[in-house]
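One-letter residues, chain by chain:
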Amino acid sequence: FPHTPSVLAPTCELRLAHNTQTVTMVRMSVLADCLKSIANAEKRGKRQVMIRPCSKVILKFLQVMQKHGYIGEFEVVDDHRAGKVVVELNGRINKCGVISPRFDVAVSDMEKWIANLLPSRQFGLIVLTTSVGIMDHEEARRKHTGGKILGFFY
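Conventions and cut-offs
- Residues numbered from 1 in each chain as written.
- Predicted model: local features only at pLDDT ≥ 70, side-chain atom pairs only at ≥ 80, totals over all residues.
- Heavy atoms only, no water.
- Pairing = 2+ DSSP bridges.
- Helix = DSSP H or I, 4+ residues; strand = E, 2+ residues; numbered from the N terminus.
- Phe/Tyr/Trp six-rings, centres within 6.5 Å; stacked < 30°, edge-to-face > 60°.
- Buried < 20%, exposed > 50% of the residue type's maximum accessible area, 1.4 Å probe, protein only.
- Core = buried A, V, L, I, M, F, W, Y, C linked by side-chain atoms within 4.5 Å.
- Contact = heavy atoms within 4.5 Å.
- 1 Å grid on protein atoms, 1.4 Å probe; cavity = no way out; pocket = protein on both sides within 12 Å on 5 of 7 lines; lining within 4 Å.
- Points joined across faces, edges and corners; volume = space filled by probe spheres on them.
- Nonpolar A, V, L, I, M, F, W, Y, C, P; charged D, E, K, R; others polar.

Engineer: So, the pairing of strand S3 (residues 84-89): which residues are in play, and what are the values?
Structural biologist: Note that strand S1 (residues 48-51) and S3 share four bridges and pair antiparallel. If you follow valine 49 over to S3, its bridge partner there is valine 87. Judged from the five bridges that link them, strand S2 (residues 71-77) and S3 form a sheet pairing that is antiparallel. Bridging across to S3, valine 77 finds its partner in lysine 84. Taking the residues between adjacent antiparallel strands as the criterion, S2 and S3 are bridged by six residues, where glycine 83 takes a positive phi near 90°.

Here it is as C-alpha cells:
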C-alpha cells in the first residue's frame, strides 16, 4: 500500500561510536631513515634535504660522507627535541644504505664485504663503527682495526 512522505516516521540517524585509533609507525632505525631520505632527495634532484631526528651516529656517518665529497655542508638545527640536520647535496650519491643487523667485520673479511656491497673497488665506501670511532673501511684498514658494519654509500 502506498505511503506518502508526510505519513512516514522521521528517519533516524544512526551514528556508531567507533573506537578510532591512529596507528603510528615505529621508527626502527634512525640511521636507515636518514640514508633513505638522502637517497630519495638525491633521486629527485633536490639541492638539500632535512633529516629528523638527529643522532650522534648520523652526524658521524655524515662526516664520513662529507670528508669524501659525497655531500656538501650540513647544519644541525636544535629544536628542543631530537634535533634536525639540513644536508646540502651535490649529486654524487648513487646509492646509500644501512646494513642491519650490524655484522662484525674483521680486517681479513673486509675484502669480501667490499665485493658484496660496492659496485667496484675504485669508488664507494663502507662505514664501520670500531673501537677507535666511526670511520670508512679504508681508514679502518690503515689502522688495522675491524668493527661492526653500519652502512655504505657510492
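Now, onward.
Engineer: Residue-level account of the packing of aromatic side chains, with values.
Structural biologist: The tally for this structure, following the rule as stated, stands at five aromatic pairs. Judged by centre distance (6.4 Å) and plane angle (80°), the rings of phenylalanine 123 and tyrosine 154 are edge-to-face. Of the two residues, phenylalanine 123 sits in the loop between helix H3 (110-117) and strand S6 (125-130) while tyrosine 154 sits in the segment after strand S8 (147-153), which places them 31 residues apart along the sequence. The buried category is assigned to tyrosine 154, whose relative accessible area is 15%.

Engineer: Describe the nonpolar core, with residues and values.
Structural biologist: In this structure, Ile38, Leu62, Met65, Val87 and Phe153 are the most contacted members of the largest nonpolar core, which totals 26 residues. Of all the secondary structure elements, the ones that give two or more residues to this core are helix H1 (30-44), S1, helix H2 (56-67), S2, S3, S6 and S8. With six residues, the single largest contributor to this core is H1. Phenylalanine 153 has contacts with Phe61, Val64, Met65, Tyr70, Lys95, Cys96, Leu118, Gly124, Leu125 and Val127, leaving out every residue within four places of it along the chain. If you look at the next biggest cluster of nonpolar residues, it comprises 14 residues, including Ile114, Leu117, Leu118 and Tyr154.

Engineer: Explain the layout of surface pockets to me, using residue names and the numbers behind them.
Structural biologist: Of the volumes computed, that of the largest pocket is approximately 160 Å³. Every residue lining the largest pocket is counted, 13 residues in all, and those nearest its centre are Arg121, Gln122, Gly124, His137 and Glu138. Those elements that provide at least two residues to the lining of the largest pocket are H3 and helix H4 (137-142). Here the element with the most residues in the lining of the largest pocket is H4; it accounts for three residues. When its residues are assigned to classes, the lining of the largest pocket shows five nonpolar, four polar and four charged.

Engineer: Describe unusual backbone geometry, listing the residues and the values that go with them.
Structural biologist: Looking along the chain, the bond that leaves arginine 52 and enters proline 53 is cis, with omega of -5°. Position of proline 53 among the secondary structure elements: in the loop between S1 and H2. Looking along the chain, the bond that leaves serine 100 and enters proline 101 is cis, with omega of 5°. For histidine 144, which is not a glycine, the phi torsion comes out positive at approximately 50°. Within the element layout of this structure, histidine 144 appears in the loop between H4 and S8.

In short, shape yes, function no, at least from these values alone.
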